[in-house]
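Overview (structure and organization)
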Amino acid sequence: MRTKFILLFVFVTTFAVAPIHSQNRVVTGRVLTLNDLPVANFKVEAKKSETGAMTDSAGWFTIVTYPKDVLLFKGKVFRNERLRINQRTPDTVYVNVEFINTPENKEIAVGYGYVEEDELLHSISHLDSGQADFSQYRDIFELIRGRFAGVQIQGNEVIIRGISSINLSSCALYVVDGVVVSDISSINPSDVKSINVLKDSGASIYGSRGANGVVVIETKRGNE
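Residues numbered from 1 in each chain as written. Predicted model: local features only at pLDDT ≥ 70, side-chain atom pairs only at ≥ 80, totals over all residues. Heavy atoms only, no water.

1. Some points on the overall build of the chain
Keep this limit in mind: Numbering of helices and strands runs from the N terminus; a helix is a DSSP stretch of H or I covering at least four residues, while a strand is a stretch of E covering at least two. Partly exposed residues are those whose accessible area sits between 20% and 50% of the maximum for their type, while under 20% is buried and over 50% is exposed, using a 1.4 Å probe and protein chains only. Residue exposure ignores everything except the shown protein chains as possible cover, and the areas themselves are Shrake-Rupley values with a 1.4 Å probe.
Counting its regular elements, the chain contains 4 helices and 15 strands. Put simply, the chain has 224 residues, and 37% of those count as buried. Within the structure as shown, the chain displays about 13,700 Å² of accessible surface, and the carbon and sulfur contribution to it stands at 52%.

Structural data, given as structure tokens:
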């Protein structure tokens, strides 16, 4: 009788402990910013399981969570993000964190090793409709204003390299769907697919015409 009782106790104890281990779930993910720029050394926390992880140089991380949990993404110069984990969440997730674009934050981002300086400079000179709702802007100039570091709007002109001459125009060269145009004021922000601001070596492919920098706009109709 005593032997049967011991065996029964062992069986019940093993059955009770097993579900505790089955609650853990491993989630792999990648943190990106500015649409496709990987973020390294970025902290990721699981709220309920109280575990943490740091992204590697390519933005990847692996973290242990509960089946129902919340991932918290926190880093200087980025807006905090949350991602709910449940049964429908895939084992690999992708999270795009919003970079707060200021000159000071660019230095911090590079200093903390979040991003490489060259990659950041390229990314902040590019804007596409996947990063923002362009339809909320009244005109193309309001869309460009404040989105690109060092770029100014004066009337219907985009100034990339500052005012270089009183007598000569400092307006950038406009290229829309591969064609040089003299005016972009008629472009509806809702029709814009992407905007690239080029200067220095990037603008040199346009020769002397690109001396004041180049605004390259691709519209959604340009692919038709």
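Now that the structure is up, let's keep going.
2. A look at helix α2 (residues 103–111)
For clarity, the cut-off: Read the arc as the range of directions from the helix axis to the C-beta atoms.
Considered for burial, the residues of α2 that qualify are Asn105, Lys106 and Ala109. When α2 is viewed along its axis, its buried side chains cluster within an angular range of 105 degrees and face the same direction. Of the residues in α2, the exposed ones pointing more than 90 degrees away from the buried face are Pro103, Glu104, Glu107 and Gly111. Of the residues one or two after α2, Gly113 is the one with positive phi, at around 75 degrees.

3. Some words on the sheet that holds strand β3 (residues 43–46)
This is how the line gets drawn: Two strands are said to pair when DSSP picks up at least two bridges between them. Axis lines are fitted to C-alpha atoms, over the contacting stretch for helices. Their N-to-C directions set the angle, which ranges from 0 to 180 degrees.
Taken in spatial order, the 4 strands of this open sheet run β4-β3-β6-β7, and their pairing is antiparallel. At either margin of the open sheet sits one strand with a lone partner, and together these are β4 (51–54) and β7 (81–85). Going across the sheet, the axis of each strand differs from the next one's by a mean of 20 degrees, ignoring polarity. Sheet topology places β3 next to β4; 4 bridges connect them, and they run antiparallel. Within β4, the residue paired with Ala46 across the bridge is Thr51.

4. With respect to the pairing of strand β6 (residues 69–74)
Residues in a regular strand project their side chains so that they alternate between the two faces of the sheet. Summarising burial for β6: 5 of the 6 residues are buried, a large majority. The pairing of β3 with β6 spans 4 bridges and is antiparallel. From the neighbouring strand, Glu45 faces β6, where its bridge partner is Leu72. The sheet contact formed by β6 and β7 spans 5 bridges and is antiparallel.

5. Considering the pattern of salt bridges
The condition that has to hold: Throughout this description, the term salt bridge denotes a Lys or Arg side-chain nitrogen within 4 Å of a carboxyl oxygen of Asp or Glu.
This structure, assessed with the given rule, holds 7 salt bridges. Note that Asp91 and Arg25 form a salt bridge whose closest N and O atoms lie 3.1 Å from each other. Here the residue Asp91 occupies a position in the loop between β7 and β8 (92–97), and Arg25 occupies one in strand β1 (residues 25–33), the gap between them amounting to 66 residues. Each member of the salt-bridge network shares a partner with another, and the members are Lys43, Glu45 and Lys74.

6. Focus on the sheet that holds strand β12 (residues 173–176)
In spatial order, the strands read β9-β14-β15-β12-β13; together these 5 strands make up an open sheet with mixed pairing. In the strand order of this sheet, the two ends are held by β9 (126–128) and β13 (179–181), each with one partner. The sheet shows a mean angle of 20 degrees between the axes of neighbouring strands, direction not considered. Bridging between strand β14 (residues 192–198) and strand β15 (residues 214–219) involves 6 bridges; their strand directions are antiparallel. Paired with Ser194 across the two strands is Glu218, which belongs to β15.

7. Topic: unusual backbone geometry
Positive phi outside glycine occurs at Asn41, with the angle close to 55 degrees. Residues other than glycine seldom take positive phi values, yet Asp177 does so here, at roughly 50 degrees.

8. Observations concerning a negative patch on the surface
Short version of the rule: Think of a patch as exposed residues, more than 30% relative accessible area, with no salt bridge, where like charges cluster within 9 Å and nonpolar side chains (Val, Leu, Ile, Met, Phe, Trp, Tyr) cluster within 5 Å. In this tally, Asp and Glu contribute negative charge and Lys and Arg positive charge; neither His nor the terminal groups of the chain are included. To locate a charge, take atom NZ for lysine, CZ for arginine, CG for aspartate or CD for glutamate.
A cluster of like negative charges, contributed by Glu104, Glu107, Glu116, Glu117, Asp118 and Glu119, occupies part of the molecular surface. Sorting the residues of the negative patch by element identifies α2 and α3 (117–123) as the ones contributing at least two each. In terms of residue count, the dominant contributor to the negative patch is α3 (3 residues). As for its position among the elements, Asp118 is in helix α3.

9. Examining the environment of Ser135
Test applied: Any pair of N or O atoms that falls within 3.5 Å is considered a polar contact. Within protein, one atom must be able to donate a hydrogen and the other to accept it, and sequence-neighbouring residues count only if both atoms are side-chain atoms.
Tracing the sequence through the fold places Ser135 in the loop between β9 and α4 (140–144). Residue classification places Ser135 among the partly exposed residues on the basis of a relative accessible area of 43%. As for Ser135 and Asp191, which are separated by 56 residues in sequence, their C-alpha atoms are 8.3 Å apart. Here Asp133 takes part through its side chain, which lies 2.6 Å from a polar atom of the side chain of Ser135.

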